[in-house]
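Observations on chain architecture
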Amino acid sequence: LREQPIFSTRAHVFQIDPNTKKNWVPTSKHAVTVSYFYDSTRNVYRIISLDGSKAIINSTITPNMTFTKTSQKFGQWADSRANTVYGLGFSSEHHLSKFAEKFQEFKEAARLAKEKSHEKMELTSTPSQESAGGDIQSPLTPESINGTDDERATPEVTQNSEPRAEPTQNALPFTHSSTISKHWEAELATLKGNNAKLTAALLESTANVKQWKQQLAAYQEEAERLHKRVTELECVSSQANAVHTHKTELNQTIQELEATLKKKEEEIEGLKQEIDNARELQAQRDSLTQKLQEVEIRNKDLEGQLSDLEQRLEKSQNEQEAFRNNLKTLLEILDGKIFELTELRDNLAKLIECS
């Protein structure tokens, strides 16, 4: 293929909601491979990601694009051709920084390529013939961008490895602790994902609360102004019926504003409840992290105990081997002595018969 991957990483892929233009919509259920591709024929850089056989990212890098880090593990960029905003959630800050560096590097390369293209067009006397079809994307298969070379070269351990022997009795605690550690790591990864989503929801809810508080203050000021206006109209107006009608309308407006205020207060209470739930999840995550650290410490202790037992077993086997060698030596000596005593007995018996 004329287009080859030059850098790959794994991330969760999101797109901005086309209706609200505020919320993020996940386009992959799990982390997928996101790759930079370079088309040497057209001198074009693209970001491509596949979820199975479906392309969830197909973005051509242009000089006016900007990759923005919105948090320690999340970044985004806008693609005017696709009329959307892409977001990537990484597993660590290092992976995010590496992806951002590559984005800036290929963006600069795209800018230089564009400038060289303009220079060639200016120097050419006859206009170049370009196809009117726009950007023609080269055909891609899931196998061509489905991960880095290291990922493709890694063998499937669970399928190709030979079956291991059953662990001995001394190794059972270590195996059990490793299983517990993997379980807690999986739980911790799930909680981290939920925590990221709740953090985004919490930030949006906090912004909405501030806006609603401002609206609430404005409604209260409007209500006070209307109350003052009603008082002034009651004191100044001589037409009782007109004042009464106007007062009724103002009271109705005040009641509507009070109902709106009550509804906003209920929404604020609901948001506070969501914030409390997010804090509880954060506390659970911290507790699981502490338990995982304790399990890791226990695993290290068990590894030390297992190593000590193996050394003691090896020492005991050496001592037994030396003891067996000593017994063999004593048996050989004893056999020699028995043979000598047998000869001595025969000689004595012959002497007795001769005498």
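The coordinates are above.
This text gives an overview of the structure that appears in the document. Treat the numbers as computed from the prediction; the structure is a model and nothing was measured. (Residues numbered from 1 in each chain as written. Predicted model: local features only at pLDDT ≥ 70, side-chain atom pairs only at ≥ 80, totals over all residues. Heavy atoms only, no water.)

**Looking at the overall build of the protein**
Selection criterion: Counting from the N terminus, the helices are DSSP H or I runs at least four residues long and the strands are E runs at least two residues long. The contact criterion used throughout is that any non-hydrogen atoms of two residues lie within 4.5 Å. In short, Shrake-Rupley with a 1.4 Å probe defines the accessible areas, and a residue's cover is counted only from the protein chains shown.
The number of helices and strands found in the protein is five helices and eight strands. Reading the protein from its N terminus to its C terminus gives the helix and strand order β-β-β-β-β-β-β-β-α-α-α-α-α. Restricting to contacts in the protein with at least 6 residues of sequence separation, those with at least 24 account for 60%. For the protein, the exposed area adds up to about 25,900 Å²; of that, 52% sits on carbon and sulfur atoms.

**Notes on the pattern of salt bridges**
Convention followed: Definition used for salt bridges: Asp or Glu carboxyl oxygen within 4 Å of a side-chain nitrogen of Lys or Arg. We call a residue buried when its accessible area falls under 20% of the maximum for its residue type, exposed when it is over 50%, and partly exposed in between, using a 1.4 Å probe and counting protein chains only.
Applying the stated criterion across every chain, the model contains eight salt bridges. Linking Glu-267 and Lys-264 is a salt bridge whose minimum nitrogen-to-oxygen distance equals 4.0 Å. Placement of the pair is Glu-267 and Lys-264 together in helix α5 (residues 240–354), with a separation of three residues, close to one helical turn. For Glu-267, a relative accessible area of 28% gives the class partly exposed.

**Side note on the pairing of strand β4 (residues 44–51)**
This is how it is decided: Whether two strands pair depends on DSSP finding at least two bridges between them.
With seven of eight residues buried, β4 is to be regarded as a mostly interior element. Pairing between strand β3 (residues 32–39) and β4: six bridges, direction antiparallel. Bridge pairing links Phe-37 to Arg-46 in β4. Bridge count between β4 and strand β5 (residues 54–60): six bridges; the pairing is antiparallel. By the bridge assignment, Ile-48 is partnered in β5 with Asn-58. Turn length for the β4-β5 hairpin, with the two strands adjacent in sequence and antiparallel, is two residues, and the turn residue Gly-52 shows positive phi of about 75°.

**With respect to the side chain of Ser-49**
The topology assignment puts Ser-49 in strand β4. Apart from the residues lying within four places of it in its own chain, the contact partners of Ser-49 are Val-13, Val-32, Thr-33, Val-34, Lys-54, Ala-55, Ile-56 and Ile-57.

**Description of the side chain of Thr-62**
Applicable threshold: For this analysis, a polar contact is any N or O atom pair within 3.5 Å, provided that within protein one partner can donate a hydrogen and the other can accept it, and provided that sequence-adjacent residues contribute only side-chain to side-chain pairs.
Among the secondary structure elements, Thr-62 is positioned in the loop between β5 and β6 (68–69). Residue Thr-62 is classed as buried on the basis of its relative accessible area of 15%. Separated by 2.5 Å, the side chains of Thr-62 and Asn-64 make a polar contact. Beyond its immediate stretch of four places on either side in the chain, Thr-62 contacts Arg-81 and Lys-107.

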